[in-house]
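Residues per chain are reported as follows:
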Amino acid sequence: MRGIIVWPRLRAQFIKEVLSILRDPRSRMVVFVPPIFQLLVFAFAATLEVRNIELAVYNQDHGRWSVEYLQQLHGAGFVSRIHQAQSQQHLGQMLERGEVIAALSFPADFSRSISAGEPASVQVLVDGRRSNAGQISLAYLNRIAASVNAQTQHELSVPEPAAVRHLFNPNLIYRWFTVPGLTGILALFSALLITSLSIAREREMGTFDQLLVSPTTTTEIILAKSLPALLIGTLLGLVMIAAGVFLFGIPFTGSFGWLLLSLTLFILSVVGIGLMLSAISMTQQQAILAAFAVGIPAVLMSGFATPVENMPQVLQWLAQLIPLTHFLIIVEGSFLKGLPTRDVLHSLWPLACIAATCLGAAVWLVRGRLQ
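Within any chain, residue numbers begin from 1 and follow the written order of that chain's sequence. The model is predicted, so local features are restricted to residues of pLDDT at least 70 and side-chain atom pairs to those at 80 or more, both for listing and for counting; the totals for chains, interfaces and linings are taken over all residues. Derived side-chain values reflect all non-hydrogen atoms in the structure, with water molecules and hydrogen atoms excluded from consideration.

In the nomenclature of an unreviewed UniProt entry, the chain corresponds to Transport permease protein from the organism Thiopseudomonas denitrificans. The UniProt entry for the chain carries the following text under Sequence similarities (unreviewed entry): "Belongs to the ABC-2 integral membrane protein family." UniProt positions are given in the numbering used here, feature names are shortened, and annotations may be inferred rather than shown by experiment.

Next comes the structure, spelled out in structure tokens:
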């Protein structure tokens, strides 16, 4: 009789779990406040744009085209100040002291070479200690150089190079990329914390032994611990998806039905992981630490910040076992790309397998702990 589910009993257990989450100030602060706050903060703070940078320039040319380049630099929105260097050594000193992130040196024959139709180059020195910001700044400088180059080619009747068009995100708005990914990350931590705290809370409050001697079956206990996290995690995910569409104005071009199914499977897989962590944790503090110990590496290996293809082969294999890896493909593709059904299914079936495996392992581990 221990495996039979009695629906009134299950309903009572479910209501008890929901009320324990809503009435516990610690659970409310962990589950509800951070995801909404973090979505608003990270959407503006987690940016790959570089602004208000300072540059150094050593101009030995002072001809038309170097002046044109410098005028465009002064008018660029990402540059806050341009320092004039007196020598090549002075450039290196400003970089060494960290006063500038990049330095440009114009040779004396820069404008003359361009006017003669010959190749001309500008030396750019980038502070490697700030590698990410330095590379992005270099890309901005290359864009200005391309603009000046296009102007010179037009005047010299040289064919223009191929035009570059960015698909799916024409204006390269960083929020269009980060906010859909944040939906998966914040839903991951919300569901993980809810489930990892569930059994640990019972142990810490001393009600776990009462639960074991109650008429409630093991299956009912596992379901009662899982359903609130599934419901709250899915609702939080939907709220953040709605915020991406209506608050941040990100175009949603995919299928909402496939995205909802993917979100449900994703939360189910996270619930399984959380239940396993909760079963081996004796206190809520241990459960929270275990949740972050699992969640942070999962985010780093999921492809949110860096492509999975850039990782070592072993980490690429491990990344395929992380549910967030597959959900990010679906949610980002649903927003910007209008992901076709075939591509959704390509990422959906691994997500379903991970969810089934995690839930099966969680049931086995929690059942062993309860018995």
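K.L.:
What should I look at first to understand the overall build of the chain in this one?
P.N.:
Of regular secondary structure, the chain possesses 15 helices and four strands. Exposure categories follow from relative accessible area, calculated using a 1.4 Å probe and restricted to protein chains: below 20% of the type maximum is buried, above 50% is exposed, and the middle band is partly exposed. Here the chain, with 371 residues, has 45% of them falling under the buried criterion. What makes two residues a contact is simply this: any of their non-hydrogen atoms within 4.5 Å. In the chain, the proportion of contacts linking residues at least 24 apart, taken out of those at least 6 apart, comes to 80%. Accessibility throughout is a Shrake-Rupley quantity obtained with a 1.4 Å probe, and a residue counts as covered only by protein chains that appear here. Counting every atom, the chain has about 18900 Å² of accessible surface; 64% of that belongs to carbon and sulfur. Put simply, DSSP marks the helices as runs of H or I at least four residues long and the strands as runs of E at least two long, and each gets a number from the N terminus on.

K.L.:
Please clarify how the environment of Phe44 should be interpreted in this entry.
P.N.:
Inspection of the secondary structure assignment puts Phe44 in helix H3 (residues 33-45). When the C-alpha positions of Phe44 and Tyr174 are compared, they lie 9.1 Å apart, and in sequence the two are 130 residues distant.

K.L.:
Please explain the side chain of His83 as it appears in this structure.
P.N.:
Among the secondary structure elements, His83 is positioned in strand E2 (residues 79-84). Excluding anything up to four places from it in sequence, His83 contacts Glu54, Leu55, Ala56, Val57, Met94, Glu99 and Val100.

K.L.:
Would you mind showing me how to read the pairing of strand E3 (residues 102-106) here?
P.N.:
Moving residue by residue along a regular strand, the side chains alternate between the two faces of the sheet. Burial analysis of E3 places five of its five residues in the buried class, which makes it a mostly covered element. Burial along E3 is two-sided: the face carrying Ala102, Leu104 and Phe106 and the face carrying Ala103 and Ser105 are both buried. Strands are treated as partners if at least two bridges between them are detected by DSSP. Relative to strand E4 (residues 123-126), E3 is paired through four bridges, and the arrangement is antiparallel. In the strand pairing of E4, Ser105 is matched with Gln123.

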